[in-house]
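Understanding the architecture of this molecule
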Amino acid sequence: MRSSLRAAVAALSLGLTFAAAPAAAQGALKVGYVDVASVMDQVPGRAEAQASFEREAQGIRAELQRMSDSLQTAVQAYQKEQPTLTAAVRQTREKALQDRQQSYQQRAQALQERGAQREQELAGQFETLVRDAINDVRTTEGFSMIFAFGPNSALLSADKSMDVTDKVLARMRTIASSRPAAPAARPAATPTSGPVAAPAGAARPKTPPAN
């Protein structure tokens, strides 16, 4: 989930940096800026979502490890018995092993896709909350524009009195308290750090070729 949130921060920063630029032609402006990365780090529910994903990742890795170990054990048993088997039996056993390997790969892919969808849902929900808080502060405080401050913004230096980060944080918490909490992570999502990775050396168990 960290990668999705980093992408959301970058997108939000770029969007805010250039938002409402045409208003400069309307006369004197009240301008502020917000540290978007800091706000995103403090989004209500983010820490809980991260912890939930990390707990879930352990279960996923354990499930895939069990499937891989079971398949490897079956392959090793077949290799030991292969010299004593007839051609027909070898063909049947190898087909069964190949089917199990395919099932393993399909399961891993399903976990990846479901987890990626969950990451996008959470990142989008957090980004919406931050945008709403910034827009509310801009409206209620009478700002013409609020720029994004951070490593992905074009704002290099500014008067600290223009920093509205604390106001955005306060408004964000108020909005969050009035909205339903983000749903708990569903079973069988992917780990937060990236796609599901099979245990080393067990991702593609090899079935011996038929003689």
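Preceding this section is the structure that the text describes.
How each quantity is defined
Residues numbered from 1 in each chain as written. Predicted model: local features only at pLDDT ≥ 70, side-chain atom pairs only at ≥ 80, totals over all residues. Heavy atoms only, no water. Core = buried A, V, L, I, M, F, W, Y, C linked by side-chain atoms within 4.5 Å. Buried < 20%, exposed > 50% of the residue type's maximum accessible area, 1.4 Å probe, protein only. Helix = DSSP H or I, 4+ residues; strand = E, 2+ residues; numbered from the N terminus. Expected span 1.5 Å × (residues − 1). Arc of directions from axis to C-beta. Contact = heavy atoms within 4.5 Å. Salt bridge = Lys/Arg side-chain N within 4 Å of Asp/Glu carboxyl O.

**Overview of the nonpolar core**
- Among the nonpolar cores identified, the biggest contains 22 residues, and Val34, Val168 and Met172 are the most heavily contacted of them.
- Only helix 2 (36–41), helix 3 (46–81), helix 4 (87–141), strand 2 (145–149) and helix 5 (165–177) provide two or more residues apiece to this core.
- By size, the runner-up hydrophobic cluster in this structure holds 6 residues, among which are Leu71, Ala74, Tyr78 and Leu97.

**Points about helix 5**
- For helix 5, which comprises 13 residues, the first-to-last C-alpha distance of 18 Å matches the rise-based estimate of 18 Å (1.5 Å per residue) to within 8%.
- Within helix 5, the full set of buried residues consists of Thr165, Val168, Leu169, Met172 and Ile175. With its buried residues spanning 130 degrees around the axis, helix 5 presents them on a single face. Away from its buried face by more than 90 degrees, helix 5 exposes Asp166 and Ser177.
- Of the surrounding secondary structure, the elements contacted by the buried residues of helix 5 are strand 1 (31–35), helix 2 and helix 4.

**Looking at the pattern of salt bridges**
- On inspection of all chains with the given rule, the structure shows 8 salt bridges.
- For Arg107, the salt bridge goes to Glu63, with nearest N and O atoms at 2.6 Å. Of this pair, Arg107 sits in helix 4 while Glu63 sits in helix 3; the two residues are 44 residues apart in sequence, bridging distant segments of the chain.
- The residue Asp99 makes a salt bridge to Lys95 at a minimum N-O spacing of 2.9 Å. Placement of the pair is Asp99 and Lys95 together in helix 4, with a separation of 4 residues, close to one helical turn.
- A relative accessible area of 32% places Asp99 in the partly exposed class.
- Under the relative-accessibility criterion, Lys95 is labelled partly exposed at 46%.

**Observations concerning the environment of Val164**
- One can find Val164 in the loop between strand 2 and helix 5.
- With relative accessibility at 2%, the residue Val164 sits in the buried group.
- Counting along the chain gives 129 residues from Val164 to Asp35, while the straight-line C-alpha distance between them is 8.3 Å.
- If we skip the residues at most four places from it in the chain, Val164 touches Tyr33, Val34, Val137, Phe143 and Ile146.

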